[in-house]
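Structural description and commentary
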Amino acid sequence: YQLVADALVPVGAGDLAVAFEQLKAKLGAEGLFDSARKKPLPPYPRRIGVITSPSGAAIHDIIRVARGRMPSVEILLFPSEVQGARASRYLNSPAVRSAPEQAVDVIILGRGGGSTEDLWCFNDEGLARVIAASDIPIISAVGHEVDFSISDFVADRRAATPSAAAEMATPDRA
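The present account deals with the structure reproduced in this document. Since the structure is predicted, the reported quantities are computational estimates derived from the model, not experimental observations. (Residues numbered from 1 in each chain as written. Predicted model: local features only at pLDDT ≥ 70, side-chain atom pairs only at ≥ 80, totals over all residues. Heavy atoms only, no water.)

**A short note on helix α2 (residues 57-69)**
Over its 13 residues, α2 extends 19 Å from the first C-alpha to the last, a length consistent with the 18 Å expected when each residue adds 1.5 Å. Restricting attention to buried positions, one finds in α2 the residues Ala 58, Ile 59, Ile 62, Val 65 and Ala 66. What you see down the axis of α2 is that its buried residues fit within an arc of 140 degrees, all on one side. When the buried face of α2 is taken as reference, the exposed residues oriented beyond 90 degrees from it are Ala 57 and Arg 64. Contacts from the buried residues of α2 go to β1 (47-52), β2 (74-79), β3 (106-111) and α7 (162-169). (Helix = DSSP H or I, 4+ residues; strand = E, 2+ residues; numbered from the N terminus. Expected span 1.5 Å × (residues − 1). Buried < 20%, exposed > 50% of the residue type's maximum accessible area, 1.4 Å probe, protein only. Arc of directions from axis to C-beta. Contact = heavy atoms within 4.5 Å.)

Structure (structure tokens):
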């Protein structure tokens, strides 16, 4: 028998998985995931910046959990697209970069669950570099427990869900 192949294509997760692992290796080698560069979260934040969709469930979950734990906390929404071709460009630019101007103490970046393709904008190299350069601690809360994104690795903390990020960002008043 003889086998003649014109191309080889990865099976299973495919091109996205290969791209994810390549970017993860590149940014890891540059030290963007090192624990020594991670900033601590403030113990009593006055203002939390949330970068997410204004119409998604994530913002409502974050507000409910954060206000239940610390009613005095102010939550500022920085509306952003969190899915689709334009989302990584938007997340990378005005949303993350305008938060420091509002004097927030911590930023929650994220959205609820979805498919790999839905969450792909959080695997953007430009966004990873903006997160790494932020002077404000950032919690990445993308998807659900089983979902991982590049933003999770480069952020100061990773939360399994947006609700978990709100818990992480606020002390329990009790």
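**Considerations on the packing of α2 against α7**
Between α2 and α7, whose axes approach to 8 Å, the crossing angle comes to 30 degrees. Our classification of the angle between α2 and α7 gives roughly parallel. The hand of the α2/α7 crossing is right-handed. The segment α2 lies against α7, with Ala 58, Asp 61, Ile 62, Arg 64, Val 65, Ala 66 and Arg 69 engaging Pro 162, Ser 163, Ala 166 and Glu 167. Its residues placed into classes, the contact of α2 with α7 shows six nonpolar, one polar and four charged. (Axes fitted to C-alpha atoms, helices over the stretch in contact; angles between N-to-C directions. Parallel < 35°, antiparallel > 145°, perpendicular 65-115°, else oblique. Left-handed = near helix turned anticlockwise from the far one by under 90°. Nonpolar A, V, L, I, M, F, W, Y, C, P; charged D, E, K, R; others polar.)

**Section: the packing of helix α1 (residues 15-29) against helix α5 (residues 125-133)**
Here α1 crosses α5 at 30 degrees, and the two axes come no closer than 11 Å. As the angle between them shows, α1 and α5 are arranged roughly parallel. Crossing angle aside, the handedness with which α1 passes α5 is right-handed. Of the residues in α5, those in contact with Leu 23, Lys 26 and Leu 27 of α1 are Glu 125, Ala 128 and Arg 129. Of the residues belonging to the contact of α1 with α5, the class tally is three nonpolar, no polar and three charged.

**A closer look at the side chain of Ser 149**
Structurally, Ser 149 can be placed in the loop between β4 (138-142) and α6 (150-154). Side-chain polar atoms of Ser 149 contact the side chain of Ser 151, separated by 2.8 Å. In this structure Ser 149 touches Phe 20, Phe 122, Asn 123, Ser 140 and Val 142, once residues within four positions along its chain are discounted. (Polar contact = N/O pair within 3.5 Å; in protein donor to acceptor, adjacent residues only side chain to side chain.)

**Considering the pattern of salt bridges**
This structure, assessed with the given rule, holds seven salt bridges. The salt bridge involving Glu 125 is made with Lys 26; its shortest N-O contact spans 3.0 Å. Remark: Lys 26 occurs in helix α1 and Glu 125 occurs in helix α5; sequence separation between them is 99 residues. Here Asp 156 ties to Lys 39 by a salt bridge, and the two come within 3.2 Å at their closest N and O atoms. In this pair, Asp 156 sits in the loop between α6 and β5 (157-158) while Lys 39 sits in the loop between α1 and β1, placing the two residues 117 residues apart along the sequence. Among the residues examined, Asp 156 registers a relative accessible area of 5% and is labelled buried. A network of salt bridges, in which partner residues are shared, links Lys 26, Glu 30, Glu 125 and Arg 129. (Salt bridge = Lys/Arg side-chain N within 4 Å of Asp/Glu carboxyl O.)

Purely geometric stuff here, so don't read any function into it on its own.
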